[in-house]
Amino acid sequence: MSPGLQAVAAFGGSLPGNILMSLGQALVVVCLCFDFVRAVSVPRSHRRYVANTVFRTLALPSILAMAFSVLIDAASGSWSDVAGGVFVLVAVIFRWHHDADEDSWWKGKGKALGRWLRNRVASGSFSVPATA
């Protein structure tokens with residue numbers, strides 16, 4: 001095993017590593033719970049809108065947390081945990097990409113944030129004053 005993988009495995013077994021892994025797993029569970037609420041809610045309802053917004057917000061951090069978890073499990077040689085983690089990782093990614101047409105707070109925000117950024121750059125309000 002390479003020294004880098006040994007360091008990753010050692011971090012995964014340390015107290016800070018266990019705390020971060022527990023927080024990451026809690027994030028994944030909350031993300032999947034809101035996905036379940038979204039799946040069983042009535043379409044175009046406020047409950048589904050909120051659940052979809054929370055799911056979309058937590059999906060990317062959940063994917064990163066699961067990828068980190070899978071990396072630590074692979075470095076530790078725990079192959080059954082790697083298989084379970086990859087399954088959850090693929091499920092979250094699939095759900096994130098599969099229901100992209102629903103209404104959420106994030107729908108249309110990319111274009112709106114891009115327009116806002118272009119207006120700020122064009123007006124010069126992002127310019128940094130020169131120091132003396």
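Note that the structure is a prediction, hence the values are computed from the model and not measured.

Quick word on the overall build of the protein chain
So, step 1. Within the protein chain, the secondary structure is distributed over 5 helices and 0 strands.
So, step 2. Element order for the protein chain, N to C, with α for helix and β for strand: α-α-α-α-α.
So, step 3. For 132 residues, the compact-globule formula gives about 14 Å, and the C-alpha radius of gyration of the protein chain, at 20 Å, lies well above that figure.
So, step 4. When the backbone C-alpha atoms are referred to their principal axes, the protein chain occupies close to 60 × 55 × 20 Å.
So, step 5. Per-residue burial over the protein chain gives 25% buried out of 132 residues.
So, step 6. Total accessible area computed for the protein chain in this model is approximately 8800 Å², and 71% of it derives from carbon and sulfur atoms.
So, step 7. Positive and negative charge centroids in the protein chain, built from 12 and 7 side chains respectively, lie 14 Å apart.

Description of unusual backbone geometry
So, step 1. Positive phi, normally seen in glycine, also occurs at Arg44, with a value near 60 degrees.
So, step 2. With respect to the helices and strands, Arg44 occurs in the loop between α2 (15–40) and α3 (46–76).
So, step 3. A relative accessible area of 83% means that Arg44 is categorised as exposed.

Rules and cut-offs
Residues numbered from 1 in each chain as written. Predicted model: local features only at pLDDT ≥ 70, side-chain atom pairs only at ≥ 80, totals over all residues. Heavy atoms only, no water. Helix = DSSP H or I, 4+ residues; strand = E, 2+ residues; numbered from the N terminus. Rg over C-alpha atoms; globule rule 2.2 N^0.38 Å. Buried < 20%, exposed > 50% of the residue type's maximum accessible area, 1.4 Å probe, protein only. Areas by Shrake-Rupley, 256 points an atom, 1.4 Å probe, with all protein chains shown as cover. Lys, Arg positive; Asp, Glu negative; His and termini not counted. Charge placed at Lys NZ, Arg CZ, Asp CG, Glu CD.

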